[in-house]
Amino acid sequence: MNTMKKISQLALGFVFLALVFSSCHNEKKKPVIVQKDTISVFVPDFNSDSAFAYVKKQVDFGPRTPNSKAQKLCASYFSETLKKYTSNVIVQEFTVKAFDGKMLQAKNIIASFQPEKTTRIMLSSHWDSRPFADQDPNPDNHKTPIDGANDGASGVGILIEIARLLSLHPSPVGVDIVFFDVEDYGQPNTNDPQKEDTWCLGSQYWSKNPHKQGYKANFGILLDMVGAEDATFTQEGISKNFAQDILNKVWRAAGRAGYGSYFSEQSTGSITDDHYYINEIAKIPTIDIIQHDATTQSGFYKYWHTVNDNISNINKNTLRAVGQTLLTVIFEENTVQ
Ligand code: AHN
Ligand code: ZN
């Protein structure tokens, strides 16, 4: 037996004993097999009431559309709230030109946990809401801004709850939480000639100008429309092309967390979402956890870009399924499953 092996087995024995002696608290510990020893890894409990309250708080500002007062107030709410959970909060301010020629003031918000750690996971979601309900069955609503309770606020609510938990329980790997602005001001699908790259302007900006020079994460997970009752998350095309191993990791974690029924092995079409630019430009392998609904024509959430994407259609069980899965990924990273 060589020296390296001896040291690693001793270290494992120590970890094992240390955890047995600390296991008298009623905290959740998941058994994980490492070589021949079973060790327990602490995974915090996701609080779905808390996450729901973070979703509602955003929606209560009104639609967070670019250049609106709600956008300003909600951005301040994010920095104030995240600063309670970490001292490393960066607000990236920029201006982008929309498909309609409008100049949009935008803010990406980044909260980092344990920035000194080199092994890092990046979690993201967009926080703006679409200024036009152009998929609403009633044409009178096509110019009405949406609440975006699911399309935007659900992912952000889950990530603020994770920020709260990371402030109480430091994770074994570093985590960066990124809220992208101006994802949802894309060109409507009309007969007009379609322009390129009109969606995801905030993530395009961040991918070309990361908040820290040379920023790297081992992998990324984007959340989009993660709050509807009985949602199914399928394996989306761009995620499969760039990061099949991360899909496997997250889908397995969902199973261990007890939420495998939300995560389907089915492969579905590619979606131009923030993760496309994170993969293509920033080169961080990133998946999109996004609801697929086989019963709608778009394949998206049934109230996607309609005035019914409001708080009454947000479900706490789905928020918990996604949140607890992410916590399992974060806290079991660097262990052998
Ligand atoms: C397109 O429709 C090209 N992308 C949809 C991305 C999206 C919009 N996600 C939420 N809202
Ligand atoms: Zn949208």
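Report on the accompanying structure. Being a predicted model, the structure only gives us computed values, none of them experimental.

All right, on to helix H5 (residues 201–208) then. Owing to its 3.6 residues per turn, the α-helix aligns residues three or four sequence positions apart on the same side. Most of H5 sits inside the fold, with six of its eight residues counted as buried. Those residues of H5 lying buried are Leu201, Gly202, Ser203, Gln204, Trp206 and Ser207. Contacts from the buried residues of H5 go to strand E3 (89–97), strand E4 (103–113), strand E5 (120–126), strand E6 (174–180) and helix H7 (274–280).

Backbone-to-backbone hydrogen bonds pair the strands of a sheet. The strands run either parallel or antiparallel. Taken in spatial order, the six strands line up as E3-E4-E6-E5-E7-E10 in an open sheet, and their pairing is mixed. Two strands lie at the open edges of the sheet, namely E3 and strand E10 (286–290), each paired on one side alone. Between one strand and the next, the sheet's axes are offset by a mean angle of 20 degrees, whatever the strand orientation. Looking at chain direction, E3 and E4 are connected through nine bridges and run antiparallel. Bridged to Val89 within E4 is Ala111. Its contacts with the sheet put helix H4 (residues 149–168) on E4, E5, E6 and strand E7 (219–224), and the angle it makes with E5 is roughly 145 degrees. Packed on one face of the sheet, helix H6 (residues 237–257) meets E7 and E10 and runs near 70 degrees to E10.

Take the site of ligand 1 next. Around ligand 1, a shell composed of Asp151, Glu183, Asp184, Trp199, Asp224, Met225, Thr272, Trp304 and His305 is seen. For ligand 1, a nitrogen atom lies 2.7 Å from a polar atom in the side chain of Asp224. The side chain of His305 places a nitrogen or oxygen atom 3.4 Å from a nitrogen atom of ligand 1. Contact with the protein chains hides 87% of the accessible area of ligand 1, taken as 320 Å² for the molecule alone. A molecule is said to occupy a pocket when more than half its atoms come within 2 Å of that pocket's grid points, and by this definition ligand 1 occupies the largest pocket.

This next bit is on the layout of surface pockets. What the largest pocket holds in volume is close to 670 Å³. Lining of the largest pocket is provided by 36 residues; of these, Trp199, Ile271, Thr272, Phe300 and Trp304 occupy positions nearest its centre. Partitioning the lining of the largest pocket into residue classes produces nine nonpolar, 16 polar and eleven charged.

Moving on, we get to the packing of aromatic side chains. For the structure shown, the criterion picks out 17 aromatic pairs. Taken together, a centroid distance of 5.5 Å and an interplanar angle of 75 degrees make the contact between Phe132 and Tyr185 edge-to-face. Taken together, the residues Phe132 in the loop between E5 and H4 and Tyr185 in the loop between E6 and H5 connect sequence positions 53 residues apart. When the centroid spacing of 5.0 Å and the interplanar angle of 80 degrees are considered together, the rings of Trp251 and Phe263 count as edge-to-face.

With that settled, consider unusual backbone geometry. Note: most residues except glycine have negative phi, and most peptide bonds are trans. Of note in the backbone geometry, Asp197 takes a positive phi value of approximately 55 degrees without being a glycine. Residue position: Asp197 is located in the loop between E6 and H5. Exposure remark for Asp197: the relative accessible area of 40% places this residue in the partly exposed category. Despite not being glycine, His305 shows a phi value in the positive range, around 55 degrees. Among the secondary structure elements, His305 is positioned in the loop between E10 and helix H8 (316–332).

Below, the discussion takes up the pairing of strand E8 (residues 233–236). In the sheet, E8 pairs with strand E9 (residues 263–268) via three bridges, with the strands oriented parallel. If you follow Glu236 over to E9, its bridge partner there is Thr268. This β-α-β element, E8 to H6 to E9, shows right-handed connectivity.

Glancing now at the pattern of salt bridges. Enumeration according to the criterion identifies seven salt bridges in this entry. Between Asp60 and Lys56 there is a salt bridge, with the nearest N and O atoms lying 2.9 Å from each other. Taken together, the positions of Asp60 and Lys56, both in helix H2 (residues 48–60) and four residues apart, correspond to about one turn of that helix. Under the relative-accessibility criterion, Asp60 is labelled exposed at 55%. With its nearest N and O atoms 2.9 Å apart, the salt bridge here joins Asp134 to Arg130. The same class applies to Asp134 and to Arg130, which are both buried.

Packed helix pairs are specified by the crossing angle of their axes together with the interaxial distance, meaning the distance between the axes. At a minimum axis distance of 9 Å, the contact between H2 and H8 shows a crossing angle of 105 degrees. Here H8 runs roughly perpendicular to H2, going by the angle between their axes. On the side of H2, the interface is formed by Ser48, Asp49, Ala51, Phe52 and Val55, while H8 contributes Lys316, Leu319 and Arg320.

Now for the nonpolar core. Ranked by internal contacts, the top residues of the largest apolar core, which has 62 residues, are Ile162, Ile177, Phe179, Ile221 and Ile289. Per-element tally for this core: the top contributor is H4, with ten residues. If we skip the residues at most four places from it in the chain, Ile162 touches Phe46, Leu123, Ile177, Gly323, Leu326, Leu327 and Ile330.

Another aspect to go through is the coordination of the zinc ion (ligand 2). Put simply, a metal with four donors set out as a tetrahedron has ideal angles of 109.5 degrees, and one with six donors set out as an octahedron has ideal angles of 90 or 180 degrees. Here the zinc ion (ligand 2) is held by the protein donor atoms Asp151 (OD), Asp184 (OD), Asp184 (OD) and His305 (NE2), which lie 1.9 to 2.5 Å from it. Along the chain, the residues donating to the zinc ion (ligand 2) are arranged with the sequence spacing D-x32-D-x120-H. Here Asp184 is found in the loop between E6 and H5, whereas its partner His305 is found in the loop between E10 and H8, with 121 residues between them in sequence. Note on accessibility: Asp184 and His305 belong to one class, buried.

Parameters at a glance
Residues numbered from 1 in each chain as written. Chains lettered and ligands numbered in written order. Predicted model: local features only at pLDDT ≥ 70, side-chain atom pairs only at ≥ 80, totals over all residues. Heavy atoms only, no water. Buried < 20%, exposed > 50% of the residue type's maximum accessible area, 1.4 Å probe, protein only. Helix = DSSP H or I, 4+ residues; strand = E, 2+ residues; numbered from the N terminus. Contact = heavy atoms within 4.5 Å. Pairing = 2+ DSSP bridges. Axes fitted to C-alpha atoms, helices over the stretch in contact; angles between N-to-C directions. Near = heavy atom within 4 Å. Polar contact = N/O pair within 3.5 Å; in protein donor to acceptor, adjacent residues only side chain to side chain. Areas by Shrake-Rupley, 256 points an atom, 1.4 Å probe, with all protein chains shown as cover. 1 Å grid on protein atoms, 1.4 Å probe; cavity = no way out; pocket = protein on both sides within 12 Å on 5 of 7 lines; lining within 4 Å. Sits in = over half its atoms within 2 Å of the grid points. Points joined across faces, edges and corners; volume = space filled by probe spheres on them. Nonpolar A, V, L, I, M, F, W, Y, C, P; charged D, E, K, R; others polar. Phe/Tyr/Trp six-rings, centres within 6.5 Å; stacked < 30°, edge-to-face > 60°. Right-handed = clockwise from strand over helix to strand, strands pointing away. Salt bridge = Lys/Arg side-chain N within 4 Å of Asp/Glu carboxyl O. Parallel < 35°, antiparallel > 145°, perpendicular 65-115°, else oblique. Core = buried A, V, L, I, M, F, W, Y, C linked by side-chain atoms within 4.5 Å. Donors = N, O, S within 2.8 Å, 3.2 Å for Na, K, Ca; no water.

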